[in-house]
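Per-entry structural report
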Amino acid sequence: MKRVIALTGLAFAIGLANMGAQAADYVAGKDYRVLDNPEKITGNAIIVREFFWYGCPHCYNLNPHMEKWAKTKDKDVAFFKTPAALNPVWEASARGFYAAQLLGYENKTHDALFDTIHKDGKELFDQASLSKWYASKGVDQKKFNSLYNSFAVSTKVGRSQTGAKRYQISGVPAVIVQGKYVVTGEGPQVVKVVDYLVDKVRAEKK
């Protein structure tokens, strides 16, 4: 019996050691990047922002992991999808995203647009093709087109561009935690690192 207890204790100790090792494995400069000039974020919420482009296969691969994570994230975490607008083609997708968002269709069209581009091979990277596609999903095409180049959408696109510059983003996907930490990649490991950094931010707030 003593041997069983000893072995159980040993296994438990090894388990704790492994958990500690896993946490220690997330190293700045390897698993994530620390910004030299982090954004100063006030308030109680921990901000997580995902920069993406619909035409990016890596973003497509990461999307289901981020979607699953978003449904189980802690209540003190605020998550924002942010379409990158680093060039005119990406900006077209960003304008489509924000127009749909303002019309209340973000949750209904986000995954579907990824699938249409990457599963069905459709090239939806300009206003004309995007407006037709969004209309096929129930979005009022006239309202979509009126919003596409509107001040409201242009303001959101401008904020995305400013954020990408501030966070030194040159490619996607990129997940920013509390305006300070940048995580890149396309697999399930990304959300594990994000959770680790959320805990890190939470500890830094104390």
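Calculation notes
Per chain, residues are indexed from 1 in the order of the written sequence. Reporting of local features is limited, given that this is a predicted model, to residues whose pLDDT is at least 70; pairs of side-chain atoms are given and counted only at 80 or more, and all residues count toward the totals for whole chains, interfaces and linings. Remark: hydrogens and water are excluded; side-chain values derive from all non-hydrogen atoms of the structure. Residue-level confidence of the predictor, termed pLDDT, takes values from 0 up to 100. Here, residues are in contact when the closest pair of their heavy atoms is within 4.5 Å. A pairing counts as a salt bridge when a side-chain nitrogen of Lys or Arg comes within 4 Å of a carboxyl oxygen of Asp or Glu. Going along the chain from the N terminus, every DSSP run of H or I of four or more residues is numbered as a helix, and every run of E of two or more is numbered as a strand. One less than the residue count of a helix, multiplied by 1.5 Å, gives the span that helix is expected to have. Each residue's exposure class comes from its accessible area (1.4 Å probe, protein chains only) as a fraction of the maximum for that residue type: buried when under 20%, exposed when over 50%, partly exposed otherwise. Counted as a polar contact is a pair of N or O atoms within 3.5 Å, where, for protein atoms, one must be capable of donating a hydrogen and the other of accepting one, and residues adjacent in sequence contribute only when both atoms are in side chains. By arc we mean the arc of the directions from the helix axis to the C-beta atoms, nothing more. A fitted line through C-alpha atoms serves as each axis, taken over the contacting stretch for helices, and the angle formed by two N-to-C directions is quoted from 0 to 180°. Roughly parallel refers to an angle under 35 degrees, roughly antiparallel to one over 145, roughly perpendicular to one between 65 and 115, and oblique to any angle outside these ranges. Each helix crossing is assigned a hand: it is left-handed if the near helix lies turned anticlockwise from the far helix by less than a right angle, otherwise right-handed if that turn is clockwise. In this count, Pro and Cys sit with the nonpolar residues alongside Ala, Val, Leu, Ile, Met, Phe, Trp and Tyr, while Asp, Glu, Lys and Arg are called charged and the others, Gly among them, polar.

Concerning the confidence of the model for the protein
One rule of thumb: low pLDDT means the predicted coordinates there are not for detailed reading. When pLDDT is averaged across the protein, the result is 91; 88% of the residues are at 70 or more. Every residue in residues 2-22 is under pLDDT 50, and counting partners more than four places away or in other chains gives zero contacts.

Observations concerning the pattern of salt bridges
If you walk through the whole model with that rule in mind, you get eight salt bridges. For D74, the salt bridge is made with R202, and the minimal N-O distance between the two is 3.1 Å. Here D74, found in the loop between α2 (57-72) and β3 (77-83), pairs with R202, found in helix α8 (residues 189-205); they are 128 residues apart in sequence, far enough to count as distant. Its salt-bridge partner being E91, residue R95 comes within 3.0 Å of it at the nearest N-O pair. Of the two residues, R95 and E91 are both situated in helix α3 (residues 88-102); the distance of four residues between them amounts to about one turn of the helix. Through salt bridges with shared partners, a single ionic network connects D74, D76, D199 and R202.

Looking at α3
Spanning 15 residues, α3 covers 21 Å between terminal C-alpha atoms, matching the ideal 21 Å at 1.5 Å per step. Listed in full, the buried residues belonging to α3 are W90, A92, S93, A94, R95, G96, F97, Y98, A99 and A100. Of the surrounding elements, those touching the buried residues of α3 are β2 (46-52), β3, α4 (106-118), α5 (127-136), α6 (141-148) and α7 (151-166). N-capping of α3 is provided by N87, with a side-chain oxygen placed 3.1 Å from the backbone N of V89. Looking one or two residues past α3, G104 carries a phi angle of roughly 80°, positive in sign.

Brief notes about α6
Along α6, the positions that sit buried rather than exposed are F144, L147 and Y148. Looking straight down α6, one finds its buried side chains confined to an arc of 105°; they lie on one side. For α6, the exposed residues set more than 90 degrees away from the buried face come down to K142 and S146. The inward-facing, buried residues of α6 abut α3, α5 and α7.

Examining the packing of α3 against α7
The geometry of α3 relative to α7 is characterised by a closest axis approach of 9 Å and an angle of 125° between their N-to-C directions. With respect to each other, α3 and α7 are oriented oblique. Handedness of the crossing formed by α3 with α7: right-handed. Two secondary-structure elements touch here, α3 through E91, A94, R95, Y98, A99, Q101 and L102 and α7 through A152, V153, S154, K156, V157, S160 and Q161. For the contact of α3 with α7, a count of residues per class yields seven nonpolar, four polar and three charged.

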